[in-house]
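# Breakdown of the fold
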Amino acid sequence: MADSYVGREVAGQFRIVERIGSGGMGAVYKAEQPQMNRHVAIKILHSRYLSRKDLVSRFRREARAMSHLSHPNTARVFMYGQLEDGACYFVMEYLEGRNLAQLVRRDGPMDPKRAMHVMAQVCGALDEAHRAGIIHRDLKPENVFLTNQGGIDDYPKVLDFGLAKVTEKQMRPGSMILTREGMVFGTPEFMSPEQARGKTLDPRSDIYSLGVILYELLSGKLPFEARQPIEFIQLHVNEPPIPLSERMKDRELPAGLEAAVMKALEKDPDDRYTTAAEFAQALEAVAEGRPSFGASKPIFGGPPSTSPVVGVEAPPSSVVQQPQPQQQQPQPQQQQPQQQPQAPMVQQPQQAPMAQSPLPWLVLGAGVVLALGGAAALIFALMQ
């Protein structure tokens, strides 16, 4: 069946060449932009949703929000609008490469250092989105695209920040049903427990999904054994994930990596990383060989060399006293001659003013004599 959008012109400057993908709510097309001599990707909301004003409105709000995201690891959105038939669309940068799902299927599990490097960048993109009030809600390997950016390989781009999905704080009071309906477009294998329950979501839901993605990149498998989507949902809610080390018995993990991943997969959002940036810092700490991946002090406090400094200064007092004699040894030679003569020298200058104390009395006496002389002269003048 021919696609009715192929060959069409959009906004007077884009010509759709082919369909390159489709999702739950829309399709993605490759298009030419002759004036700029480049290709772009155009995402169009499925026509069957045009009668759903709520979904159309949410699609527009999400496109507008994405257009303000500027993180280099986020797929850029250039413009959005509406076609002649009423279908909504937005224009994004066109990417060449493979998504993470394709890479794992082709090459198998990813090297841990490579996986941490990629996912730390993904965390950066999500952190900006979360601070802008956008929760992805459908993070999965298919939505992380590895490309070459300016000669840099393994450059991830995060796609599909929840087609037509916005955070609860951006929704109007009567729109909670949209959240429940929106969950249909999530992927059960990567849903957080609270998303599976239909709870109100915050950025920590995305962090859980990131943990599932990283788990699969490292092991080539998901954290649960299930066959049906409903089984995955139940396992996310009720069962602990299979330890990563059990999935990778034939390979060695960097110290702290399993704990970092499992922290992201905690059932209770309060037990996960609070932000995507914190998750990225934990991965960077593991990659650098810092074992305290989950503690904020090693992550924010600089290199590990600061720990021995604290340990030396506090307990062993001899270490603290050793530098002092080095400074005091030349000082006793200066202080001993100063302290013995200085005692009289300090006291003598204090007595010197005492020896000079009659001077004010002489001045006062002279003043009295002059005053008496003046008074006598005045009396003598009056008697004349």
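Residues numbered from 1 in each chain as written. Predicted model: local features only at pLDDT ≥ 70, side-chain atom pairs only at ≥ 80, totals over all residues. Heavy atoms only, no water.

## Topic: the nonpolar core
- Membership of the largest hydrophobic core comes to 68 residues, with the highest contact counts inside it found for L100, M119 and F279.
- At 10 residues, helix α3 (residues 112–131) tops the list of elements feeding residues into this core.
- When near neighbours in sequence (up to four residues on either side) are disregarded, L100 contacts M110, V118, M119, P141, V144, L146, I213 and L217.
- Core analysis: the second largest hydrophobic core is formed by 14 residues, F14, Y29, I42 and L83 among them. (Core = buried A, V, L, I, M, F, W, Y, C linked by side-chain atoms within 4.5 Å. Buried < 20%, exposed > 50% of the residue type's maximum accessible area, 1.4 Å probe, protein only. Helix = DSSP H or I, 4+ residues; strand = E, 2+ residues; numbered from the N terminus. Contact = heavy atoms within 4.5 Å.)

## Describing the sheet that holds strand β3 (residues 26–33)
- Here we have six strands laid out as an open sheet, ordered β1-β2-β3-β4-β6-β5, and antiparallel in their pairing. A single partner strand is all that each edge strand has here, and the edge strands are β1 (9–10) and β5 (77–82).
- The sheet strands contacting helix α1 (residues 53–66) are β4 (38–45), β5 and β6 (88–93), and the helix crosses β6 at an angle near 25°. (Pairing = 2+ DSSP bridges. Axes fitted to C-alpha atoms, helices over the stretch in contact; angles between N-to-C directions.)

## Some words on unusual backbone geometry
- Look at A11: it is not a glycine, yet its phi comes out positive at around 55°.
- As for its position among the elements, A11 is in the loop between β1 and β2 (14–22).
- Its identity as a non-glycine residue notwithstanding, D154 has a phi of 50°, on the positive side.
- Looking at the element boundaries, D154 is found in strand β9 (residues 152–158).
- Judged by its relative accessible area of 21%, D154 is partly exposed.

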